[in-house]
Amino acid sequence: GAVVSQHPSWVICKSGTSVKIECRSLDFQATTMFWYRQFPKQSLMLMATSNEGSKATYEQGVEKDKFLINHASLTLSTLTVTSAHPEDSSFYICSARDHLGQQNEKLFFGSGTQLSVL
Amino acid sequence: GENVEQHPSTLSVQEGDSAVIKCTYSDSASNYFPWYKQELGKRPQLIIDIRSNVGEKKDQRIAVTLNKTAKHFSLHITETQPEDSAVYFCAASIGWGKLQFGAGTQVVVTP
């Protein structure tokens with residue numbers, strides 16, 4: 001299957017700093033990527049839909065100025081958590097859809113980023 | 001929007017027995033229903049999926065059934081093994097890859 005790479009896999013930062021997470025589709029083009037957040041023992045909650053070359057679409061309750069998304073190419077989307085606070089500590093995971101693939105409804109997930117804000 | 005409910009939240013089975021997880025969805029426009037297996041700290045792995053024009057799909061020990069009329073779909077795992085222990089998520093999509101996930105089921109297979 002298609003491969004999605006996500007970095008870093010874990011990050012610890014001080015409160016008030018910003019953290020950037022990268023999501024890359026390695027062997028396919030992804031016009032659309034999705035960012036999810038997962039708290040311990042909970043489900044994946046969609047934060048936003050990242051569209052190549054245009055503004056991201058945020059889900060209700062997600063602050064667009066706090067979670068900056070950039071999708072500048074067909075293989076890279078970034079999520080920047082600005083002015084992070086302890087309540088932002090979570091597992092962030094991206095996913096991508098191979099829009100040219102034969103099974104283009106399938107989502108492929110990155111390996112996730114565990115963010116801990118002190 | 002779409003709402004997906006998943007039951008049970010935890011499921012303990014003896015090795016060799018079958019496990020069944022059930023999900024319901026609310027949006028009749030949903031047309032794609034994947035199931036993911038997630039081990040602790042790892043990414044979700046797609047284990048099986050079904051489209052709305054199919055009622056049942058099987059892949060070795062795993063099968064999924066879909067009842068469009070009732071808007072529910074189920075995951076069946078037969079001959080369970082300890083390595084099947086994980087959290088399983090159902091999801092529903094109305095297209096373009098946007099998925100709404102269920103709450104998850106912690107499956108524990110005891111030897």
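Here, the structure is the one placed above.
Rules used in this analysis
Residues numbered from 1 in each chain as written. Chains lettered and ligands numbered in written order. Predicted model: local features only at pLDDT ≥ 70, side-chain atom pairs only at ≥ 80, totals over all residues. Heavy atoms only, no water. Helix = DSSP H or I, 4+ residues; strand = E, 2+ residues; numbered from the N terminus. Rg over C-alpha atoms; globule rule 2.2 N^0.38 Å. Buried < 20%, exposed > 50% of the residue type's maximum accessible area, 1.4 Å probe, protein only. Contact = heavy atoms within 4.5 Å. Areas by Shrake-Rupley, 256 points an atom, 1.4 Å probe, with all protein chains shown as cover. Lys, Arg positive; Asp, Glu negative; His and termini not counted. Charge placed at Lys NZ, Arg CZ, Asp CG, Glu CD. Patch = residues over 30% accessible without salt bridge, like charges linked within 9 Å, V, L, I, M, F, W, Y side chains within 5 Å. Salt bridge = Lys/Arg side-chain N within 4 Å of Asp/Glu carboxyl O. Pairing = 2+ DSSP bridges. Axes fitted to C-alpha atoms, helices over the stretch in contact; angles between N-to-C directions. Buried area = accessible area lost by both parts, 1.4 Å probe. Polar contact = N/O pair within 3.5 Å; in protein donor to acceptor, adjacent residues only side chain to side chain. Phe/Tyr/Trp six-rings, centres within 6.5 Å; stacked < 30°, edge-to-face > 60°.

Colleague: How should I be thinking about the overall build of chain A in this particular structure?
Modeller: Along its length, chain A carries zero helices and 11 strands. From first element to last, N terminus to C terminus, chain A shows the α and β order β-β-β-β-β-β-β-β-β-β-β. In terms of overall size, chain A behaves like a compact globule, its C-alpha atoms giving a radius of gyration of 14 Å where 118 residues would be expected to give roughly 13 Å. Its C-alpha atoms put chain A at 45 × 25 × 20 Å along the principal axes. A burial count over chain A gives 50% of its 118 residues as buried. Within chain A, contacts between residues separated by at least 24 positions form 54% of all contacts whose residues are at least 6 apart in sequence.

Colleague: Can you walk me through the overall build of chain B in this structure?
Modeller: Scanning chain B from N- to C-terminus turns up zero helices and 11 strands. In chain B, the succession of helices and strands from N to C terminus is β-β-β-β-β-β-β-β-β-β-β. Compactness check: chain B gives a C-alpha radius of gyration of 13 Å against a globular reference of 13 Å for 111 residues, within 12% of the reference. Each of the three principal axes of chain B carries a C-alpha extent, and together these read 40 × 30 × 20 Å. When the 111 residues of chain B are sorted by exposure, 43% land in the buried category. For chain B, contacts bridging at least 24 residues in sequence account for 52% of all contacts bridging at least 6. If you sum the accessible surface of chain B, you get close to 5600 Å²; carbon and sulfur atoms cover 49% of it. For chain B, the centre of its 11 positive side-chain charges and the centre of its 12 negative side-chain charges are spaced 7 Å apart.

Colleague: Whenever I open this one, a nonpolar patch on the surface confuses me. Can you help?
Modeller: Residue and element names in this part refer to chain A. On the surface, W10, I12 and L118 cluster together to form a nonpolar patch covering roughly 400 Å² of accessible area. Of note, W10 is situated in strand β2 (residues 10–13). Judged by its relative accessible area of 58%, W10 falls in the exposed class.

Colleague: Explanation requested: the sheet that holds strand β6 (residues 56–59) of chain B in the structure shown.
Modeller: By definition, the strands of a sheet pair up through backbone hydrogen bonds, in either a parallel or an antiparallel sense. All names here are of chain B. What the five strands build is an open sheet, ordered β1-β3-β8-β7-β6; its pairing is antiparallel. Each edge of the open sheet is held by one strand with a lone partner, namely β1 (4–7) and β6. The mean angle between the axes of side-by-side strands here comes to 15°, regardless of whether they run parallel or antiparallel.

Colleague: Explain the pairing of strand β8 (residues 76–81) of chain A here, please?
Modeller: Within a regular strand, the side chains alternate between the two sheet faces. Residue and element names in this part refer to chain A. With respect to burial, β8 is a largely interior element, five of its six residues being buried. When strand β3 (residues 19–25) meets β8, the two strands line up antiparallel, connected through six bridges. Bridge pairing in β8 places V19 opposite V81. Where strand β7 (residues 67–73) and β8 come together, five bridges link them in antiparallel fashion. Opposite F67, over in β8, you have V81 as the bridge partner. The turn linking β7 back onto β8 is made up of two residues.

Colleague: What's the story with the interface of chain A and chain B in this structure? I'm lost.
Modeller: When the parts come together, some accessible area is lost, and that loss is often what is quoted as the size of the interface. With 18 residues of chain A at the interface, the matching set in chain B holds 18 residues. For the pair chain A and chain B, the two sides together bury roughly 1600 Å², of which 56% comes from carbon and sulfur. Counting the contacts that link chain A with chain B gives one salt bridge. The closest approach of N and O atoms between A:E59 and B:K98, which form a salt bridge, is 3.0 Å. The tally of links between chain A and chain B comes to six residue pairs in polar contact (both at pLDDT 80 or more). Taken together, the elements giving at least two residues each to the side of chain A that touches chain B come down to β4 (32–38), β9 (90–97) and β10 (107–109) of chain A.

Colleague: Looking at this model, I keep getting lost on the packing of aromatic side chains. Mind explaining?
Modeller: Describing an aromatic ring pair means giving the distance of the ring centres and the angle of the ring planes. One pass over the full model with this rule turns up 12 aromatic pairs over all chains. A ring pair is formed by A:F28 and A:F108, whose centres lie 5.9 Å apart and whose planes are at 55°; its orientation type is tilted. Residue A:F28 is located in the loop between β3 and β4, and its partner A:F108 is located in strand β10; the two are separated by 80 residues in the primary sequence. Both residues of the pair, A:F28 and A:F108, belong to the buried class. These aromatic residues form a ring-pair network of at least three members: A:Y36, A:F109, B:Y36, B:F89 and B:F101.

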